[in-house]
Amino acid sequence: MTETFLLREDVPLSGYSTIGLGGAARYFALSRSQEEVVQALRFARSRALRVQVLGGGSNTLFADAGFNGIVVKIELRGVSYLEDGDWCLVSAAAGEDWDTFVRACIDRGLAGLECLSGIPGAVGASPIQNVGAYGQEVRDTIVRVDALDRGSLVAVAFDGRECGFGYRQSRFKGNDKDRFVVTGVTFRLQRNGPPSIRYPELRKQIESSVDLQSFGAGRPALQAVADAVRALRRRKSMVIDPSDPQSKSLGSFFLNPVITTEAFERLKERRGEVPSFPAEGGIKVPAAWLVEQAGFPRGYRLGGAAISANHALALVNLGTTTSELLGLARRIQEGVRQRFGISLDMEPVVVLQD
Ligand SMILES: Cc1cc2nc3c(=O)[nH]c(=O)nc-3n(C[C@H](O)[C@H](O)[C@H](O)COP(=O)(O)OP(=O)(O)OC[C@H]3O[C@@H](n4cnc5c(N)ncnc54)[C@H](O)[C@@H]3O)c2cc1C
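Residues numbered from 1 in each chain as written. Predicted model: local features only at pLDDT ≥ 70, side-chain atom pairs only at ≥ 80, totals over all residues. Heavy atoms only, no water.

## Focus on the nonpolar core
What counts here: Take the buried Ala, Val, Leu, Ile, Met, Phe, Trp, Tyr and Cys residues and link them wherever side-chain atoms come within 4.5 Å; each set so joined is a nonpolar core. Working definition: with a 1.4 Å probe on protein chains only, accessible area under 20% of the residue-type maximum means buried, over 50% means exposed, and in between means partly exposed. Segments assigned H or I by DSSP are reported as helices when at least four residues long, segments assigned E as strands when at least two residues long, and all are numbered from the N terminus. In this analysis, two residues are considered to be in contact whenever any of their non-hydrogen atoms come within 4.5 Å of each other.
Counting 44 residues, the largest nonpolar core has W98, F101, L113, F187 and L202 as the members making the most contacts within it. Mapped onto this core, the elements with two or more residues apiece are β7 (87-93), α2 (98-107), β8 (110-111), β11 (142-149), β13 (180-191), α3 (200-207) and α4 (219-235). The element best represented in this core is α4, accounting for eight residues. Apart from residues lying up to four places away in sequence, W98 is in contact with L113, L116, I119, G121, A122, V123, S126, V138 and F187. One finds V285, V291, A305 and A329 within the second-largest nonpolar core, a separate group that totals 30 residues.

## A few points about the domain arrangement of the chain
Cut-off, in case you're wondering: Throughout the structure description, domain borders are defined by an automatic or database domain assignment. Here's the idea: put two parts together, see how much 1.4 Å probe accessible area each one loses, and the total over both is what we call buried area. By salt bridge we mean one thing: a side-chain nitrogen of Lys or Arg within 4 Å of a carboxyl oxygen of Asp or Glu. Classification convention: Asp, Glu, Lys, Arg as charged; Ala, Val, Leu, Ile, Met, Phe, Trp, Tyr, Cys, Pro as nonpolar; all other residues, Gly among them, as polar.
Domain boundaries assigned for the chain yield domain 1 (6-74), domain 2 (79-235) and domain 3 (245-351). Measuring from the centre of the C-alpha atoms in domain 1 to the corresponding centre in domain 3 gives 29 Å. Taken together, the contacts link 17 residues of domain 1 with 17 residues of domain 3. Both faces considered, domain 1 and domain 3 share a buried interface measuring about 1300 Å² in area, 57% of it formed by carbon and sulfur atoms. Broken down residue by residue, the surface that domain 1 buries against domain 3 is led by I19, N59 and L61, which jointly contribute 49%. If you look at where domain 1 meets domain 3, you find zero salt bridges. By residue number, the principal contributor to the side of domain 1 that touches domain 3 is strand β4 (residues 60-62), which donates three residues. Along the lines of polarity and charge, the residues of the side of domain 1 that touches domain 3 split into six nonpolar, nine polar and two charged.

Written out as structure tokens, the structure is:
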């Protein structure tokens, strides 16, 4: 077999994760087409290497010791638009930059992704954890996910209902973890549709610059919402900005726990008022509230690892290592468990060396 895909050895991974941590990968492949993904997977099989698929590295934490396998970075490109009455089917290759893709949809007056502006990463990762923010999730608009089965190397497709989406969850992260490489995603977006404004915080932000009474649909309204989302995110250091050290993170490090109604009632009996939201399968308690109430304020540090000064759920690299950062995460988890009896799950994918 001739290997046409770009393969390098001993590649430092810190430059491929937004938090800037991690040792070197034994092998690192850039895959610009489906064929190159297949070649990289065959190479891995021939040498019995572990495979770690990578998009923009904004939800991936690599070990200090690196990764003793092959990292396959997905670089497939291309976006196509198919008009369908009041709707548009937009298909994007997995390696497209998410935020650039969202901007392009807004520029065309396509509604459905505007609240997801400013999120880093690649399109191919968006279905993995059902990316969401400010009342929108990709499960609202995804109609098809194209993928490659890592075992059979055969191309497969799933419609939105087959993806098993839940809160920061999907089949690709659950039962079928590490089974597929997503190669493309198709979204059904509304042409000249109205933007989604579900969160009071977002409504307030929009009202600070635009009159909501005269707020219409289509491009200007979508743009105004995207601008408001971006402004809110920037204040929380939730957009990647090299000049903002508090944005050297992986976004939220902990998921909001969903607990049963009975557990929630018991918690209220012991602790008084507890903020909450209804959720599938129970009651969602904001992890940020739990962390702060357990005695971990914004800016809390363990060496060079810190809770962001601008967001209670983001852990930031102020000159740290992965093991120190995970030490901070465990300390927070233990504190929340002791105070509330609730386990906090980590959101990012932690890639161990072997
Ligand atoms: C500042 C900041 C803010 C953030 N805000 C949000 C937010 O508001 N909402 C939210 O949901 N997330 C948020 N995130 C998390 C992250 O941006 C998203 O989860 C994003 O979708 C990850 O994309 P990525 O390409 O960087 O994924 P990566 O980190 O590269 O990969 C994440 C996981 O997906 C897998 N994966 C990636 N690409 C593919 C593929 N093509 N096929 C199969 N598996 C794949 C990887 O193997 C890994 O398991 C934020 C992160 C940061 C740093």
